[in-house]
Amino acid sequence: MQQSTADFDDLSSESSKGGFNFGPYIRMAKRNILIIAGSTLVCGAAAFVVNSMTDAPQYKAGFRILVEPVTEEARLTDPSVLARDNRGVRDNNLDYATQLEILKSPAFLVSIQEQVQEEFPEFPYILLQLFLQVEREGQTSIIEVSYSGSDPDLVQHVLEVTASRYLQYSLEDRKTRISEGVRFIDDQLPDLREREQSLQDQLQALRQRFFVTAPEDESAQLTEQLRNTTDQLLETTRLLREQREFYVSLQQQLNLSPNQAIAASTLSEEPGYQSLQEQYRQLEAEIALERARFTEASPTVQALRERQQNISDLMEQTAQEVIGPTLSGEIANPEVRAFQNSIRQNLIQQMVETANQIQILEVREAELQRVQQALEERLRDFPAIAREFNELQRELDITTQTLDQLLGQRETLQLEAAQSEVPWELLSEPQIPLDEDGEPVPEESSPVLLAAGIMGGALLGAGLTLWLEQRRDMFYEIADIEDAVPVPVLSTVPACPFAEEVLFYSPESSNLTDADQASIIAFQESFSELFAGLRFQRNEMIQSLAICAAMEQDGTSTIALNLAQTLASSGKQVLIVDTNFRQPNLHDYLEVSNQKGLSDLLKSPSLKPEDVIQAAPTSDFLSVLTAGSPAVDAAKQLSSPRMQGLSDRFAELYDVVIYDAPPLRDYMDTVFLSDHVDGMLMAIAIKHTKQSAVKASLEKLQEYSINLVGVVANHPTKRHRSIDKGTSQSNGSGQPLWMSSGVKITGSNASLFSSDSTAQPHES
């Protein structure tokens, strides 16, 4: 039955959207206007008297100083610009705020005071601090200085000393800044030179180790070399593959190895060997003829065989001599010693050339592969080398540039230090205004003291008002509650002298005056307004509601009873429960017995609600459950499962259940009671409830995430006389006589606390 604290946060954020709220302070000022006005008048009158008694003549004078060049020509001829060879004419970028603070600083004022005391020994520092004014003249480059006092000679002397000190400061400040700049540069130069030399040594070592001079150009060159080498390697590989295929083809045609082909070609070109070869062929022919006539054993055939063998041996010897020992082993192949015609000679020549070309291409391929590998390795390592080189080169460039700039600036500052011209220009000499006779003219008196007295009186009155308001710590009107509470004020209960007895009011039997009756009617109408406020403020159905307050005597019982009576008049079965075990009130208001009540139900499980709930004497639709016997452990009882069961039972028996809760600030009872209700309604009494108590109660509600649906502003009054309760409290239709006289709830308001607008009375 609780909700998140988001309600408090949302309402608080809505209340703060309009910015700072001046309403409480305005109302506070209105309530205490006499205090504020009286304090202002008293202090203003005192200031007027003092001003009249001490109105001595005052003398004021001043001078003006130009601190920056005005025209472009003046800027160009500024010594600092000339020393910089006209590089970058200075902009009007003087920090005037800081400059003015320096001119008004104690160090300056003390030095001025010491010079003034040489002629006026009694001159105090406080006068210089109070009456020396130094300010910028609008948005110009002019500083205006003024001083006022009762002694014209002292005023004149103070201004002359101040002008001289300011002009001296401008020159000293420039020279001091130049000297500090030169000293700073001298401190930086050794480190910069050492760093420059170190970077140069590192670059030189890197060039010698990796032969690097310009990384960007060399990277492009390496890439181009690798591309060319790769192209050459591909072309060489292609030619080598072609030559090898051609060589295999020639070898297959000749059936000779390269050496054999060389040997065969050599022998074919040797005349002696060819002559022997011709003789060998002739003997072969003769042997063939003789073999046709004779057998192999024939002397003729044998003779021819011997001659053939001799020629063969001679041919072998000749071949050995012709081809040499290197190719001597190649003549075993008959094709070598066979006659080589011109075609085979040509093929042999091509074969030999192809073999040589293959060897050349193989050597070239190997070299290109070696070069390609070397280039790839260098390119792979080159980015790191180039990065290191570039970093060193960049650091060297920055160091060299910084060194050059510092050296140039040092020369510039030395030229500026030689200048003795005062940077600032005195536009007007300090002079007190004089009359025709040459006498100093005093300044017209100003109402400063009077204005200060009036302002001080107003502030004193405001402070006193704040102190009184904090001491009183109460709500004076509805607007104060609206500013302090983050939930809406649903109704305002007006002051009524018969608030405790209005439930028994009957116009027919009353002997009250018209004014008293109007007061009662207004009191009753406020609960109709509360009913409507609850109806339109909450969208969900509320069946149970607790009326709480921050303090005692805030009117929770009166509000609970009259709200219950208003609901009962609409035909709803309403139960009002008194949960204030410490100071119960409902039984006194309704004049019913308090022998047994809620505390007895909580302590005795055998006791049923129907046994202790009583019918209220004011309406047939209103029932009451009093607090019962005193309970020391009220918080424990209200948080027990028994209480949960009872609250569920009440919800079954009645359309609406209203709980009269104890004070929220002082006890935890209401916190535990909040678990059994749909919402809490807080009563705040005008000019009674403490604001601090309400603040503490709201913090407790937010801490325990208790759903606060609204606030009722109450105007409590002390009863000063009784009213005639009459003999008949009902008109027989379930409504009291005062309700039948015209005050009743109709329309949508009657359906707030239950979805059944035509509910019949429950049996209790």
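Residues numbered from 1 in each chain as written. Predicted model: local features only at pLDDT ≥ 70, side-chain atom pairs only at ≥ 80, totals over all residues. Heavy atoms only, no water.

> Sorry if this is basic, but what is going on with the packing of aromatic side chains here?
How two aromatic rings sit relative to each other is set out by the distance from centre to centre and by the angle between their planes. Scanning the model with the defined rule gives 4 aromatic pairs in all. Measuring from ring centre to ring centre gives 5.7 Å for Phe-108 and Tyr-166, while their planes differ by 80°; the resulting arrangement is edge-to-face. Taken together, the residues Phe-108 in helix H7 (residues 106-117) and Tyr-166 in helix H9 (residues 152-210) connect sequence positions 58 residues apart. On the numbers, 5.2 Å between centres and 70° between planes, the contact of Phe-523 with Phe-527 is edge-to-face. Here Phe-527 and Phe-523 lie together in helix H18 (residues 514-537), a separation of 4 residues that amounts to about one turn. On the accessibility criterion, Phe-527 (1% relative accessible area) is buried. The rings of Phe-108, Tyr-166, Tyr-169 and Trp-424 are connected pair by pair, giving a single aromatic cluster. The aromatic ring of Tyr-96 is capped on one face by Arg-136, whose charged end is 3.7 Å from the ring centroid. The side chain of Arg-582 reaches across the aromatic face of Tyr-667, ending 4.1 Å from its centre. (Phe/Tyr/Trp six-rings, centres within 6.5 Å; stacked < 30°, edge-to-face > 60°. Helix = DSSP H or I, 4+ residues; strand = E, 2+ residues; numbered from the N terminus. Buried < 20%, exposed > 50% of the residue type's maximum accessible area, 1.4 Å probe, protein only. Lys NZ or Arg CZ within 6 Å of the ring centre and 35° of its normal.)

> So what exactly am I meant to see when it comes to the environment of Lys-690 here?
Following the sequence through the fold, Lys-690 ends up in the loop between strand S11 (679-685) and helix H26 (691-703). Spatially, the C-alpha atom of Lys-690 lies 7.0 Å from that of Phe-475, the residues being 215 residues apart in sequence. If we ignore the near neighbours within four places in the chain, the residues touching Lys-690 are Arg-472, Asp-473, Phe-475 and Met-551. (Contact = heavy atoms within 4.5 Å.)

> Just checking my understanding: could you explain the pairing of strand S3 (residues 142-149) for this structure?
Among the 8 residues in S3, 7 count as buried, and that is most of the element. Judged from the 8 bridges that link them, strand S1 (residues 59-66) and S3 form a sheet pairing that is antiparallel. Counterpart to Phe-63 in the pairing with S3 is Val-145. Hairpin connection, strand S2 (residues 132-136) to S3: the antiparallel pair is bridged by 5 residues, and Gly-138 has positive phi, about 65°. (Pairing = 2+ DSSP bridges.)

> Explanation requested: helix H24 (residues 641-653) in the structure shown.
An α-helix turns once per 3.6 residues; consequently, residues spaced three or four apart project the same way. Look at H24: 19 Å from first C-alpha to last across 13 residues, which is about the 18 Å you get at 1.5 Å a residue. For H24, the full list of buried residues reads Met-643, Leu-646, Ser-647, Phe-650 and Leu-653. Taken down its axis, H24 places every buried residue within 125° of arc, on the same side. Among the exposed residues of H24, those oriented more than 90 degrees off its buried face are Pro-641 and Glu-652. (Expected span 1.5 Å × (residues − 1). Arc of directions from axis to C-beta.)

> Hey, could you run me through the pairing of strand S10 (residues 656-663) in this one?
Successive residues of a regular strand alternate their side chains across the two faces of the sheet. Across the 8 residues of S10, 8 count as buried, placing the element largely inside the fold. With 5 bridges joining them, strand S6 (residues 544-549) and S10 adopt parallel strand pairing. If you follow Ser-544 over to S10, its bridge partner there is Val-657. Note that strand S7 (residues 574-578) and S10 share 5 bridges and pair parallel. Directly across from Ile-576, in S10, lies its bridge partner Ile-658.

> Please clarify how the sheet that holds strand S4 (residues 425-428) should be interpreted in this entry.
Sheet strands associate in pairs through backbone hydrogen bonding, adopting either a parallel or an antiparallel arrangement. The strand order S2-S3-S1-S4 describes an open sheet built from 4 strands, whose pairing is antiparallel. Edge positions in the open sheet fall to S2 and S4, since each of these has one partner strand only. On average, each strand axis in the sheet is tilted by 25° relative to the strand beside it, whichever way the strands run. Pairing analysis gives 3 bridges linking S1 to S4, with the strands arranged antiparallel. Across the sheet, Leu-66 pairs through a bridge with Glu-425, a residue of S4. In the packing of helix H6 (residues 96-103) onto the sheet, the strands contacted are S2 and S3, and the crossing angle to S2 comes to about 165°. (Axes fitted to C-alpha atoms, helices over the stretch in contact; angles between N-to-C directions.)

> Looking at this structure, how should I read a nonpolar patch on the surface?
A cluster of nonpolar residues, Ile-126, Leu-130 and Phe-131, forms a patch on the protein surface that exposes about 270 Å² of accessible area. Note that Phe-131 resides in helix H8 (residues 125-131). (Patch = residues over 30% accessible without salt bridge, like charges linked within 9 Å, V, L, I, M, F, W, Y side chains within 5 Å. Areas by Shrake-Rupley, 256 points an atom, 1.4 Å probe, with all protein chains shown as cover. Salt bridge = Lys/Arg side-chain N within 4 Å of Asp/Glu carboxyl O.)

> Just to check I follow, could you spell out unusual backbone geometry for this structure?
Excluding glycine, a negative phi dihedral is what most residues carry, and trans is how most peptide bonds are arranged. Of note, the phi angle at Gln-553 is positive, near 65°, even though the residue is not glycine. On the secondary structure map, Gln-553 appears in the loop between S6 and helix H19 (556-568). Its identity is not glycine, yet Lys-687 carries a phi of approximately 60°, on the positive side. By the secondary structure assignment, Lys-687 is in the loop between S11 and H26. Classification of Lys-687 by relative accessible area gives exposed; the value is 55%.

> Could you clarify how one ought to interpret the nonpolar core in this entry?
It is characteristic of soluble globular proteins that their nonpolar side chains tend to be buried jointly. Counting residues in hydrophobic clusters, the biggest one holds 46 residues, and the most contacted among them are Leu-598, Leu-625, Phe-650, Tyr-659 and Met-682. Aside from chain neighbours lying at most four places away, what touches Leu-598 is Val-577, Asp-578, Thr-579, Phe-581, Leu-625, Thr-626, Ala-627, Gly-628, Leu-638, Met-643 and Leu-646. Counting residues in each nonpolar core, the second largest holds 37 residues, with Leu-563, Tyr-589, Leu-590 and Leu-681 among its members. (Core = buried A, V, L, I, M, F, W, Y, C linked by side-chain atoms within 4.5 Å.)

> Any chance you could explain the sheet that holds strand S5 (residues 489-493) here in plain terms?
The mixed open sheet is built from 8 strands, whose spatial order is S5-S12-S11-S6-S10-S7-S9-S8. At either end of the open sheet lies a strand with only one pairing partner, and these are S5 and strand S8 (614-615). Pairing of S11 with strand S12 (residues 708-714) involves 6 bridges; the strand directions are parallel. For Ala-685, the partnering residue across the bridge sits in S12 and is Asn-714. The sheet strands contacting H24 are S7, strand S9 (622-625) and S10, and the helix crosses S10 at an angle near 140°. The strands touched by H26 are S11 and S12; relative to S11, the strand with the most contacts, the crossing angle is about 175°.

> Can you help me understand the pattern of salt bridges in this one?
Two side chains carrying opposite charge are able to pair once their charged atoms lie near each other. Evaluated as defined, the whole model comprises 19 salt bridges. Between Arg-305 and Glu-296 there is a salt bridge; the shortest N-O distance is 3.0 Å. For Arg-305, a relative accessible area of 29% gives the class partly exposed. For Glu-296, a relative accessible area of 30% corresponds to the partly exposed category. Close ionic contact of Asp-669 with Arg-582 constitutes a salt bridge, the shortest N to O distance being 2.3 Å. Placement of the pair is Asp-669 in helix H25 (residues 669-673) and Arg-582 in the loop between S7 and helix H20 (586-590), with a sequence separation of 87 residues.

> What is the right way to look at H26 in this model?
Between its first and last C-alpha, H26 extends 18 Å over 13 residues, near the 18 Å set by a 1.5 Å rise per residue. Among the residues of H26, Ala-693, Val-694, Ser-697, Leu-698, Lys-700 and Leu-701 are the ones counted as buried. For H26, the angular spread of the buried residues around the axis is 160°, confining them to a single face. Facing away from the buried side of H26 by over 90 degrees, the exposed positions are Lys-695 and Glu-703. Two residues or fewer past H26, Ser-705 is found with a positive phi of approximately 55°.

> Honestly, a negative patch on the surface in this entry has me stumped. Any pointers?
Where like charges cluster on the molecular surface, the negative patch consists of Glu-119, Asp-151, Asp-153, Glu-160 and Glu-429. Tracing the chain through its elements places Asp-151 in the loop between S3 and H9. (Lys, Arg positive; Asp, Glu negative; His and termini not counted. Charge placed at Lys NZ, Arg CZ, Asp CG, Glu CD.)

> I keep staring at the environment of Leu-698 and nothing clicks. Help me out?
By the secondary structure assignment, Leu-698 is in helix H26. Residue classification places Leu-698 among the buried residues on the basis of a relative accessible area of 10%.

> Help me out: how do you make sense of the side chain of Ser-697 in this one?
Topologically, Ser-697 is positioned in helix H26. By relative accessible area, which is 0% here, Ser-697 ends up buried.

> Even after reading the chapter, I still don't get the side chain of Ser-141, so can you show me in this structure?
Among the secondary structure elements, Ser-141 is positioned in the loop between S2 and S3. Looking at Ser-141, its side chain comes within polar contact range of the side chain of Tyr-96, at 3.5 Å. (Polar contact = N/O pair within 3.5 Å; in protein donor to acceptor, adjacent residues only side chain to side chain.)

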